[in-house]
Amino acid sequence: MKNRFTTDADNNGRKLPLVEEFYSLQGEGFHTGKAAYFIRIGGCDVGCSWCDSRFSWNPAFHPLTDTDTIVSNAVFSGTDSVVVTGGEPLMWNLDYLCSVLKQKNIHIFLETSGAYPLSGEWDWICLSPKKNMPPQPEICMKANELKVIVQDLSDFEWAEEYRRQVNKDCLLFLQPEWSSYNRIIDTIVDYIKKNSAWRISLQAHKFMHIP
Ligand code: SF4
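Residues numbered from 1 in each chain as written. Predicted model: local features only at pLDDT ≥ 70, side-chain atom pairs only at ≥ 80, totals over all residues. Heavy atoms only, no water.

Looking at the overall build of the chain
For clarity, the cut-off: Here a strand is any run of E in DSSP of at least two residues, a helix any run of H or I of at least four, and the numbering for each starts at the N terminus. Throughout, exposure labels follow a simple rule: accessible area from a 1.4 Å probe, protein chains only, divided by the maximum for the residue type, with under 20% read as buried, over 50% as exposed, and the rest as partly exposed. The contact rule is simple, with two residues in contact once any of their heavy atoms fall within 4.5 Å.
Secondary structure assignment for the chain yields six helices and nine strands. Dimensions of the chain along its principal axes, counting C-alpha atoms only, are 50 × 35 × 30 Å. Put simply, the chain has 211 residues, and 54% of those count as buried. The long-range share in the chain, meaning contacts at least 24 apart out of those at least 6 apart in sequence, stands at 64%.

So, in structure tokens, the structure goes:
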């Protein structure tokens, strides 16, 4: 699939529309609690109704930043791990970003909806599929972690559909959609008690009021 935002200006991933970068703790999924430097890349046309990162959707609002500068900032933070998130980061060619981070011996973690073709070499891929734009089969096969956001009962069916499509070693997480937390949490707990292949993922950073 052609990345509709790609222009010559991004120079094959040597510049990326940077929304924000910060050193914090991973709040979601398998690596919850781990210190990591977050690189949020602008651009997303998936359009989730409950998206908490709408400010990232339009890449034109975020400065094309030298990828080398982004990596230097990560190294300067002292981190040993980087989480690349968005937006939908795979709208951009991430080969160069990953190769430079690897040269610095930094572990690289991807958060993606999987809606666009995979680029970059990753230590960990967290796939969070979205109904508006289902994920690419290649990413389902390579995902280390499947994280399904649960807003209503239909999302359990959606989760099981993608459980069948990921590889057998992929870890399975259900995460309550933040604004629906009080309404849905008990249902998710009951579901996991009956379907113990799944674990819960909470947005721990939001409970801790950290970025
Ligand atoms: Fe928001 Fe992620 Fe959905 Fe894009 S894929 S709309 S960034 S939640």
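From this point, the narrative continues.
Quick look at helix α1 (residues 67–77)
Along an α-helix, a turn takes 3.6 residues, which lines up residues three or four apart on a common side. Heads up, the rule is: As used here, the arc is the angular range of directions from the helix axis to the C-beta atoms.
Taken together, the buried positions of α1 are occupied by Thr-67, Ile-70, Val-71 and Ala-74. Take α1 and look down its axis: the buried residues cluster within an arc of 95 degrees, on one side only. Next to the buried residues of α1 lie β1 (15–25), β2 (35–41), β3 (64–66), β4 (81–85) and α2 (95–103). Gly-78 sits one or two positions beyond α1 and adopts a positive phi of about 90 degrees.

Let's talk about the site of the ligand
Inclusion rule: Near residues are defined by distance, with any heavy atom within 4 Å of the molecule or strand qualifying the residue. When residues are grouped by polarity, Ala, Val, Leu, Ile, Met, Phe, Trp, Tyr, Cys and Pro land in nonpolar, Asp, Glu, Lys and Arg in charged, and all others, Gly among them, in polar.
The environment of the ligand is made up of Cys-44, Val-46, Gly-47, Cys-48, Trp-50, Cys-51, Trp-57 and Gly-87. Here the shell around the ligand is built from residues that sort into six nonpolar, two polar and no charged.

Observations concerning unusual backbone geometry
Look at the link from Gly-86 to Gly-87: it is a cis peptide, with omega at 15 degrees. With respect to the helices, strands and loops of the structure, Gly-87 is situated in the loop between β4 and α2.

Observations regarding the environment of Val-46
By the secondary structure assignment, Val-46 is in the loop between β2 and β3. Val-46 gets classed as buried once you look at its relative accessible area, which sits at 6%. Separated by 87 residues in sequence, Val-46 and Met-133 have C-alpha atoms that sit 6.0 Å apart. For Val-46, the residues in contact, after removing those within four places along its chain, are Ser-113, Ala-115, Lys-130, Asn-132 and Met-133.

Things to note about the pattern of salt bridges
Counted only if it meets this: Salt bridge criterion: a side-chain nitrogen from Lys or Arg within 4 Å of a carboxyl oxygen from Asp or Glu.
One pass over the structure, following the stated rule, counts eleven salt bridges. A salt bridge links Glu-28 to Lys-147, with the shortest nitrogen-to-oxygen separation between them at 2.6 Å. Here Glu-28, found in the loop between β1 and β2, pairs with Lys-147, found in strand β7 (residues 145–150); they are 119 residues apart in sequence, far enough to count as distant. For the salt bridge of Lys-142 with Glu-138, the shortest nitrogen-to-oxygen distance reads 3.0 Å. With Lys-142 and Glu-138 both in helix α3 (residues 137–142) and four residues apart, this pair spans about one turn of that helix.

Re the nonpolar core
Rule in force here: Among buried residues, the Ala, Val, Leu, Ile, Met, Phe, Trp, Tyr and Cys ones that are joined through side-chain atoms within 4.5 Å form a nonpolar core.
Counting residues in each nonpolar core, the largest one holds 52 residues, and the members touching the most others are Val-82, Leu-94, Trp-122, Leu-146, Leu-174 and Trp-198. Tallying contributions element by element places α2 first for this core, with five residues. Grouped together as the second largest cluster of nonpolar side chains are six residues, Phe-22, Phe-38, Val-83 and Trp-124 included.

A look at α2
For α2, the set of buried residues is Tyr-96, Leu-97, Cys-98, Val-100 and Leu-101. Looking at the buried positions of α2, the neighbouring elements they touch are β1, β2, α1, β4 and β5 (107–112). Count one or two residues on from α2 and you reach Asn-105, which has phi positive near 60 degrees.

Quick word on the layout of surface pockets
Formally: The rule is simple: put a 1 Å grid over the protein atoms alone, call a set of points where a 1.4 Å probe fits but cannot get out a cavity, call an open set with protein on both sides within 12 Å along at least five of seven lines a pocket, and count a residue as lining if it has an atom within 4 Å of a point. Grid points are joined across faces, edges and corners, and a volume is the space filled by probe spheres set on the points.
For the largest pocket, the calculated volume is near 790 Å³. Forming the walls of the largest pocket are 42 residues, and the residues nearest its centre are Glu-28, Arg-40, Asp-52, Ser-53 and Thr-85. The dominant element in the lining of the largest pocket, judged by the number of residues it contributes, is β1, at three residues. Split into classes, the residues belonging to the lining of the largest pocket amount to 17 nonpolar, 15 polar and ten charged. Roughly 210 Å³ of internal volume is contained in the second largest pocket. Along the wall of the second largest pocket there are 15 residues; nearest its centre are Trp-50, Lys-130, Lys-131, Gln-151 and Asp-155. Put simply, the parts of the chain that give the lining of the second largest pocket at least two residues each are β7 and α4 (154–163). For the lining of the second largest pocket, the leading source of residues is α4, giving three residues.

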